[in-house]
Amino acid sequence: MLGSARVRTNQSYKHYILAAPRVLLLKQTAEDDSHVKLLSDCGYEVHGLAPQEFQFTNRELLNAELVSPANYSGLILTSLRAVQAAEKCFLSRDELQEWQKTALLHWQTLPVFVVGKATEEAATKLGFKTLGSDAGNAKTLVPVIKEREFSTSTTLIE
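Since the structure is predicted, the reported quantities are computational estimates derived from the model, not experimental observations.

**Q** Help me understand the nonpolar core in this model?
**A** Among soluble globular proteins, nonpolar side chains are generally buried collectively. In terms of nonpolar packing, the biggest core is built from 18 residues, with L77, F90, W107 and F128 touching the most fellow members. Elements with a contribution of two residues or more to this core: β5 (72-77), α3 (80-90), α4 (98-107), β6 (111-114) and α5 (117-125). Here this core takes 4 residues from α3, the largest share from any one element. If we ignore the near neighbours within four places in the chain, the residues touching L77 are A82, V83, V112, F113, V114, V115, T119, A123 and F128. F113, V115, A135 and I145 belong to the second largest nonpolar core, which has 6 residues in total.

**Q** It is not clear to me how the pattern of salt bridges should be interpreted in this structure. Could you clarify?
**A** For the structure shown, the criterion picks out 4 salt bridges. As a salt-bridge pair, K27 and D33 come within 2.8 Å of each other at their nearest N and O atoms. Judged by its relative accessible area of 9%, D33 falls in the buried class. Of the charged contacts, one joins K37 and D41 as a salt bridge, the two residues approaching to 2.9 Å between their closest N and O atoms. Of this pair, K37 and D41 both sit in helix α1 (residues 34-41), 4 residues apart, which is roughly one turn of the helix. Exposure class is identical for K37 and D41. Each is exposed.

**Q** Help me out: how do you make sense of α5 in this one?
**A** Residues that lie three or four places apart on an α-helix share one face, since the helix turns once every 3.6 residues. Burial in α5 covers these residues: T119, A122 and A123. Each buried residue of α5 sits inside an arc of 100° when the element is viewed along its axis, so together they form one side.

**Q** Where do I start with the layout of surface pockets in this structure?
**A** The method is simple in principle: a probe with the dimensions of a water molecule rolls over the atoms, and the space it marks as empty is what remains. Put simply, the largest pocket is a space of about 760 Å³. Lining the largest pocket are 17 residues, and of these K27, Q28, D33, L80 and A118 sit closest to its centre. Residue assignment for the lining of the largest pocket shows that the elements contributing at least two residues are α1, α3 and α5. Among the residues forming the lining of the largest pocket, the class breakdown is 5 nonpolar, 6 polar and 6 charged.

Calculation criteria
- Residues numbered from 1 in each chain as written.
- Predicted model: local features only at pLDDT ≥ 70, side-chain atom pairs only at ≥ 80, totals over all residues.
- Heavy atoms only, no water.
- Core = buried A, V, L, I, M, F, W, Y, C linked by side-chain atoms within 4.5 Å.
- Buried < 20%, exposed > 50% of the residue type's maximum accessible area, 1.4 Å probe, protein only.
- Helix = DSSP H or I, 4+ residues; strand = E, 2+ residues; numbered from the N terminus.
- Contact = heavy atoms within 4.5 Å.
- Salt bridge = Lys/Arg side-chain N within 4 Å of Asp/Glu carboxyl O.
- Arc of directions from axis to C-beta.
- 1 Å grid on protein atoms, 1.4 Å probe; cavity = no way out; pocket = protein on both sides within 12 Å on 5 of 7 lines; lining within 4 Å.
- Points joined across faces, edges and corners; volume = space filled by probe spheres on them.
- Nonpolar A, V, L, I, M, F, W, Y, C, P; charged D, E, K, R; others polar.

This is the structure in C-alpha cells:
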C-alpha cells in the first residue's frame, strides 16, 4: 500500500512517496495465509520467512504411547507440529506395520481435541474425530474437554 504526501518547504512543494510499513512474519506462509491477509488488509507489506529447520524429538517415546490407545480416553493436539509428529509415528514406513494399523484405527474412534482450524484439518486427514477447533489456545480448549465425560480408568495424552 503506497500513499503520498506533499510537504511545503521554502515556497516549493516536494512530493514524497510513503511506503507501507514492512513486517517480517517468521512462519511457513501460503498465499491464503490468514495472518498475511490480515496484515496486508491493515496496510502492511508482509515478508514471510519459513523456519530453516525443524526436528522432531522423542519419537520413540511417542511411539511407545501411541501403540497403546486403550490406555487413553483421547488425544490433545495443540499444534500442526503435534499432528505431524503423530503422523510420522503412524505412517513412518511405506507399508504400515500391524501395530500401526491397529493403533491408528483405535485412535480414530477416540475424541481428539485440537486447537485451531489448521490443526483440525491435518488431524482430520489422519481420520481423527476432532473437537474444539474453535479454541484459539489451550486455555479455551479446557472447557471443551471438561464437557466431555471420560472413563476414570484412562487419561488423555497430550
